[in-house]
Amino acid sequence: QVQLVESGGGSVQAGGSMRLSCAASERAFISYAMGWFRQAPEKEREFVAAINWSAGNTYYTDSVLGRFTISRDNAKNTVYLQMNSLNSEDTAVYYCAATKSSSWGVKKNYDYWGQGTQVTVSS
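Cut-offs applied
- Residues numbered from 1 in each chain as written.
- Predicted model: local features only at pLDDT ≥ 70, side-chain atom pairs only at ≥ 80, totals over all residues.
- Heavy atoms only, no water.
- Phe/Tyr/Trp six-rings, centres within 6.5 Å; stacked < 30°, edge-to-face > 60°.
- Buried < 20%, exposed > 50% of the residue type's maximum accessible area, 1.4 Å probe, protein only.
- Lys NZ or Arg CZ within 6 Å of the ring centre and 35° of its normal.
- Helix = DSSP H or I, 4+ residues; strand = E, 2+ residues; numbered from the N terminus.
- Contact = heavy atoms within 4.5 Å.
- Polar contact = N/O pair within 3.5 Å; in protein donor to acceptor, adjacent residues only side chain to side chain.
- Core = buried A, V, L, I, M, F, W, Y, C linked by side-chain atoms within 4.5 Å.

**Student:** Can you help me understand the packing of aromatic side chains in this one?
**Tutor:** Aromatic ring pairs are reported here in terms of the distance separating the ring centres and the angle at which the planes meet. The final tally for this structure, using the stated rule, is 7 aromatic pairs. Seen in terms of ring centroids, Tyr110 and Trp113 are 5.9 Å apart; in terms of plane orientation they differ by 55°. Their pairing is tilted. On the basis of relative accessibility, which here comes to 6%, the residue Tyr110 falls in the buried class. Take Trp113: its relative accessible area is 29%, and that puts it in the partly exposed class. Here the aromatic residues Phe37, Phe47, Tyr59, Tyr95, Tyr110 and Trp113 are joined through ring pairs into a cluster of three or more. Taking the ring centre of Tyr95 as reference, the NZ or CZ of Arg45 above it sits at 3.6 Å. Of note, Arg45 hangs over the ring of Trp113, and the distance from its end group to the ring centre comes to 5.0 Å.

Following this line, the structure appears as structure tokens:
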């Protein structure tokens, strides 16, 4: 079983940047595609970005395209989400998750989830 622990959340002003990290407990991490999701208050959890095991392919939801970058370091069992040009609509709890499915945008396809980290963007 893969355990995931997110870190790097906090508060930032609009226009600022933040980098989230997600550390996996198992070496098996490298066999999974990894995704980031977020959930704002009273909203459904939504897909943000995903990356395949080799980091050769990435996928983003339209609202973050060009602002967020997902990456991974398999030697460190860690996936990252670099977030730039943040705005108030990015305020949410951010979760990382692991999947062996090729349908990265579907949250039910993810097998393992972290506990989440809060990101708050103030204007």
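We are not done yet, so read on.
**Student:** In this structure, what is going on with the environment of Gln82? I would like to understand it.
**Tutor:** Mapped onto the fold, Gln82 is located in strand 8 (residues 78–83). When the C-alpha positions of Gln82 and Lys107 are compared, they lie 21 Å apart, and in sequence the two are 25 residues distant. Apart from residues no more than four positions distant in its own chain, Gln82 is found in contact with Ser17, Met18, Arg19, Arg67, Phe68 and Thr69. Only 2.9 Å separates the side chain of Gln82 from the side chain of Asn84, close enough to count as a polar contact.

**Student:** Mind showing me how you'd approach the nonpolar core here?
**Tutor:** Side chains that are nonpolar tend, in soluble globular proteins, to be buried together. Met34, Trp36, Leu81, Met83 and Tyr94 are the most contacted members of the largest nonpolar core, which has 29 residues in total. Listed by contribution, the elements that provide at least two residues to this core are strand 3 (18–24), strand 4 (33–39), strand 5 (46–51), strand 7 (68–73), strand 8, strand 9 (92–99) and strand 11 (117–122). Beyond its immediate sequence surroundings of up to four residues, Leu81 is in contact with Met18, Arg19, Leu20, Trp36, Val48, Ala49, Phe68, Thr69, Ile70 and Tyr94. Membership of the second largest hydrophobic core comes to 7 residues, among which are Ala33, Phe47, Ala97 and Tyr110.

**Student:** Quick question: what am I supposed to make of the side chain of Asp90 here?
**Tutor:** For Asp90, the position within the fold is in the loop between strand 8 and strand 9. Overall, the relative accessible area of 1% leaves Asp90 in the buried class. If we skip the residues at most four places from it in the chain, Asp90 touches Arg38, Arg67, Phe68, Ser85, Val119 and Val121.

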